[in-house]
Amino acid sequence: MRIERWIERSRNGDVVVTIDDGIREALRTLLDELRELLMTGDHPGLRRLYPTAYPKHGELEEEYRSLVHDTLLAQRLDSIESMENSLSATTLTDVQLEAWMHGVNSVRLVLGTILDVGEGDELPDADAPDAQQRVLYYILGYLLEQIVDVLFSTVPVDGTEDEML
């Protein structure tokens, strides 16, 4: 039995996306929500997007945040915009797929933080109050895994580019 793949590299090197419209629309909604959270900047679910570098040194932590926060925010917003612009596409460039990777990963990190998902957590009972969000979290993980697989498939095994003859 073959597991359905939503993102694959074709024989000619194109990245082919076969995600159904319902999942695309859910991604669009999640990206909008992520952008809103990022712009307000004070939601506890964002803590994994901006991890603490100096947990025991408040002054160093503040300095670190002042140096990296705006750059990280701009990168995340760029990834969201790029992903949104290509969300309806059936083929992607590697650059677009990288934006998808960053966008999906950010959404998944925030959702996982909000849900307090831990290693080893399994799908909840269908009657659980947060069942729908947890299923969405696992769908995002499945999508992220496929994106990474496709991007990794282009990395040379020996770490060097093949020379053209």
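Please refer to the structure higher up on the page.
A quick note: this is a predicted structure, and the numbers were derived from the prediction, not measured.

Asks: Describe in detail the packing of helix α3 (residues 94–115) against helix α4 (residues 131–152), supporting the description with residues and values.
Replies: When two helices pack together, their arrangement is captured by the angle between the axes and the distance separating the axes. Contact geometry for α3 and α4: axes closest at 9 Å, N-to-C directions at 150 degrees. With respect to α4, the element α3 is oriented roughly antiparallel. Helix-helix and strand crossings are classified by hand; for α3 and α4 the assignment is left-handed. For the pair α3 and α4, the contacting residues are D94, L97, E98, W100, M101, V104, N105, V107, R108, L111, G112 and L115 in the first and Q133, R134, L136, Y137, L140, G141, L143, L144, I147, V148, V150 and L151 in the second. Of the residues that constitute the contact of α3 with α4, the class distribution is 16 nonpolar, 4 polar and 4 charged.

Asks: Residue-level account of helix α1 (residues 21–40), with values.
Replies: For α1, with 20 residues, the first-to-last C-alpha span of 29 Å sits near the 28 Å given by 1.5 Å per residue. The set of residues buried in α1 consists of I23, R24, L27, L30, L31, L34, L37 and L38. Seen from one end, α1 has its buried residues packed into an arc of 140 degrees, which puts them on one side. Every exposed residue of α1 that faces more than 90 degrees away from the buried side is listed here: D21, E36, M39 and T40. At the N-terminal boundary of α1, the capping side chain belongs to D20, with an oxygen 2.9 Å from the backbone nitrogen of G22.

Asks: Before we move on, can you summarise the nonpolar core with the specific residues and values?
Replies: I7, L38, L49, L97, W100, L143 and I147 are the most contacted members of the largest nonpolar core, which has 36 residues in total. At the level of elements, β2 (15–17), α1, α2 (58–86), α3 and α4 are the ones that each hand at least two residues to this core. With 8 residues, the single largest contributor to this core is α3. Among all residues touching L49, those that are not within four sequence positions of it are L34, L38, R76, S106, L109 and V110.

Asks: Lay out the pattern of salt bridges with the relevant residues and their values.
Replies: Where charged atoms of side chains with opposite charge meet at close range, the side chains can pair. Within the structure shown, the criterion is met by 7 salt bridges. The closest approach of N and O atoms between R65 and E61, which form a salt bridge, is 2.9 Å. Of the two residues, R65 and E61 both sit in helix α2, 4 residues apart, roughly one turn of that helix. Beyond isolated ion pairs, a larger network of salt bridges with shared partners links D32, R35 and E84.

Asks: Go over the side chain of E61, please, and point to the residues and values.
Replies: What makes E61 buried here is its relative accessible area of 7%. At 2.7 Å, the side chain of E61 forms a polar contact with the backbone nitrogen of Y54. Among all residues touching E61, those that are not within four sequence positions of it are P51, T52, A53 and Y54.

Asks: Pulling in residues and values, what's your account of the packing of aromatic side chains?
Replies: This model, assessed by the stated rule, comprises 3 aromatic pairs. The interplanar angle of 85 degrees and the centroid separation of 5.0 Å between the aromatic rings of W6 and Y142 together place this pair among those described as edge-to-face. Of the two residues, W6 sits in the segment before β1 (7–9) while Y142 sits in helix α4, which places them 136 residues apart along the sequence. Geometrically, the ring pair formed by Y54 and Y64 is edge-to-face, given 6.2 Å between the ring centres and 80 degrees between the ring planes. One end of the pair, Y54, is in the loop between α1 and α2; the other, Y64, is in helix α2, with 10 residues separating them in the sequence. Taking the relative accessible area as the measure of exposure, Y54 reaches 35% and is therefore partly exposed.

Asks: Explain the packing of α2 against α3 residue by residue, including any values.
Replies: Viewed as axis vectors pointing N to C, α2 and α3 meet at an angle of 115 degrees, and their least axial separation amounts to 8 Å. Handedness of the α2/α3 crossing: left-handed. For the pair α2 and α3, contact is made by R76, S79, S82, M83 and S86 and by Q96, A99, W100, H102, G103, V104 and S106, respectively.

How each quantity is defined
Residues numbered from 1 in each chain as written. Predicted model: local features only at pLDDT ≥ 70, side-chain atom pairs only at ≥ 80, totals over all residues. Heavy atoms only, no water. Axes fitted to C-alpha atoms, helices over the stretch in contact; angles between N-to-C directions. Helix = DSSP H or I, 4+ residues; strand = E, 2+ residues; numbered from the N terminus. Parallel < 35°, antiparallel > 145°, perpendicular 65-115°, else oblique. Left-handed = near helix turned anticlockwise from the far one by under 90°. Contact = heavy atoms within 4.5 Å. Nonpolar A, V, L, I, M, F, W, Y, C, P; charged D, E, K, R; others polar. Expected span 1.5 Å × (residues − 1). Buried < 20%, exposed > 50% of the residue type's maximum accessible area, 1.4 Å probe, protein only. Arc of directions from axis to C-beta. Polar contact = N/O pair within 3.5 Å; in protein donor to acceptor, adjacent residues only side chain to side chain. Core = buried A, V, L, I, M, F, W, Y, C linked by side-chain atoms within 4.5 Å. Salt bridge = Lys/Arg side-chain N within 4 Å of Asp/Glu carboxyl O. Phe/Tyr/Trp six-rings, centres within 6.5 Å; stacked < 30°, edge-to-face > 60°.

Note that every value here comes from positions in space, so none of it alone points to a role or purpose.
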